[in-house]
Amino acid sequence: LAHAMSRLRRCLHFVRVCEAGRQKENPVSVKGWVKALRRQKDISFLEINDGSSLKNIQVVAPTELLENNSDEKKINTGCSVKVSGTLVPSSHARQSTELQADDITLVGTCSPVDYPFKAKKHHPLDYIRRYPHLRARTTSFASLLRIRNAAAMALHSFYQVAVTNDTVKLI
C-alpha cells in the first residue's frame with residue numbers, strides 16, 4: 001500500500017509551497033487556501049498557501065479559465081483549491097517562481113461574508129483569538145506553531161536518544 005501511494009504521489013506531482021521554489025518549469029499541482037485574489041480583464045492572480053511556508057505562491061490564470069469554471073463565483077479569499085499548471089521563473093523581483101495555471105478546482109468553499117480575515121490586512125491578536133478554528137491560517141499563529149513544533153521535536157528526539165542509552169523515559 002505504501003508503495004502504491006508513493007507511486008501515485010509521483011504521478012500527480014503534488015508539491016508543497018515551500019518546495020515550489022526549487023522546482024523549475026515542471027508540471028505540478030498545489031493544494032492550499034486562497035490568501036488573496038485579484039481579477040483583471042485578461043489575467044487573474046491568486047496567492048495560495050498550504051501552511052508549509054510563510055511565503056505564498058502566486059498563481060497566474062487566464063480569466064477565461066476562471067470563467068469556464070462552474071464554481072467561479074465561489075473562488076474567493078479563504079476557500080481551498082487545487083491548482084495544476086507549470087512552474088515558471090517569475091519576472092517579479094519578490095518571488096523566484098510562479099505557477100501558470102492550466103486547471104483550477106475548488107475543493108472547499110468559503111463565504112466571503114463569514115470569513116473573518118481579509119486579504120492584505122493586519123489583524124490584531126485579540127481579534128484572531130476569537131476564531132480558534134481559523135487562527136492557524138494566519139501568518140503570526142502559523143509562525144508560532146512552527147516554533148512550537150520544532151521545540152517539541154527537539155525535546156522528543158532528545159528523550160529518544162536518552163532511552164536508547166538505558167535511561168528511563170520521564171515524559
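Note that the coordinates shown come from a computational prediction; the quantities given were computed from them, not determined experimentally. Sequence positions are assigned chain by chain, starting from 1 and proceeding in written order. Two thresholds apply to this predicted model, a pLDDT of at least 70 for residue-level local features and 80 or more for giving and counting side-chain atom pairs, whereas whole-chain, interface and lining totals are computed over all residues. In computing side-chain values, all of the structure's heavy atoms are included and hydrogens and water are not.

Some thoughts on the overall build of the protein chain
Assigned secondary structure in the protein chain consists of five helices and five strands. Along the protein chain, helices and strands appear, N-terminal first, in the series α-α-β-β-β-α-β-β-α-α. Here the protein chain holds 171 residues, and 32% of them are scored as buried. Intrachain contacts of the protein chain at a sequence separation of at least 6 include 51% that bridge at least 24 residues. Computed by Shrake-Rupley with a 1.4 Å probe, the accessible areas treat only the displayed protein chains as cover when residues are assessed. Summing over all exposed atoms, the protein chain offers an accessible surface of approximately 11,400 Å²; the carbon and sulfur share of this is 56%. Segments assigned H or I by DSSP are reported as helices when at least four residues long, segments assigned E as strands when at least two residues long, and all are numbered from the N terminus. Think of it in three bands: with a 1.4 Å probe and only protein chains considered, a residue is buried below 20% of the maximum accessible area for its type, exposed above 50%, and partly exposed in between. We call two residues contacting when some pair of their heavy atoms lies within 4.5 Å.

Some words on the side chain of Asn49
Here Asn49 lies in strand S2 (residues 43-49). In the analysis that follows, any N or O atom pair within 3.5 Å is treated as a polar contact, provided that within protein one partner can donate a hydrogen and the other can accept it, and provided that, for residues neighboring in sequence, both atoms belong to side chains. In terms of polar contacts, Asn49 uses its side chain to reach the backbone amide nitrogen of Gly51, at 2.6 Å. Ignoring anything within four residues of it in the chain, the contact list for Asn49 reads Val17, Gly32, Trp33, Lys35, Leu54, Lys55 and Asn56.

What to know about the sheet that holds strand S1 (residues 27-39)
The strands making up a sheet associate through hydrogen bonds between their backbones, and the pairing can be parallel or antiparallel. Taken together, the five strands give a closed barrel; going around it, the order is S1-S2-S3-S5-S4, and neighbouring strands pair in mixed fashion. Taking each pair of neighbouring strands and ignoring which way they run, the sheet shows an average axis angle of 55 degrees. Between any two strands, at least two bridges found by DSSP are needed for them to pair. Axis lines are fitted to C-alpha atoms, over the contacting stretch for helices. Their N-to-C directions set the angle, which ranges from 0 to 180 degrees.

Overview of the pairing of strand S3 (residues 57-62)
Where a strand is regular, its side chains alternate between the two sheet faces. With five of its six residues buried, S3 lies for the most part within the structure. Pairing of S2 with S3, which is carried by six bridges, proceeds in the antiparallel orientation. Among the inter-strand pairings, Ile48 is bridged to a residue of S3, identified as Ile57. Pairing of S3 with strand S5 (residues 97-108) involves two bridges; the strand directions are parallel. Across the sheet, residue Val60 finds its bridge partner in S5, namely Gln100.

Details of the pattern of salt bridges
Each salt bridge in this description consists of a side-chain nitrogen of Lys or Arg and a carboxyl oxygen of Asp or Glu lying within 4 Å of one another. With the rule as written, the count across this model stands at one salt bridge. Note that Glu47 is salt-bridged to Arg38, the shortest N-O span being 3.7 Å. Owing to a relative accessible area of 15%, Glu47 belongs among the buried residues under this scheme. Looking at Arg38, the relative accessible area reads 33%, which means it is partly exposed.

Some thoughts on the nonpolar core
By nonpolar core we mean a set of buried residues, namely Ala, Val, Leu, Ile, Met, Phe, Trp, Tyr and Cys, connected to one another through side-chain atoms within 4.5 Å. One finds Ile48, Val81, Leu99 and Ile104 to be the most contacted residues of the largest nonpolar core, which totals 26 residues. For this core, the secondary structure elements donating two or more residues are S1, S2, S3, strand S4 (80-89) and S5. When residues in this core are grouped by element, the largest group, four residues, is from S5. The contact partners of Ile48, leaving out residues within four places of it in the chain, are Val17, Val30, Gly32, Trp33, Val34, Asn56, Ile57, Val59 and Val81.

Considering the pairing of S4
Relative to S4, S1 is paired through seven bridges, and the arrangement is antiparallel. In the strand pairing of S4, Ser29 is matched with Ser84. By the bridge criterion, 10 bridges tie S4 to S5 in an arrangement that is antiparallel. Bridging across to S5, Val83 finds its partner in Ile104.

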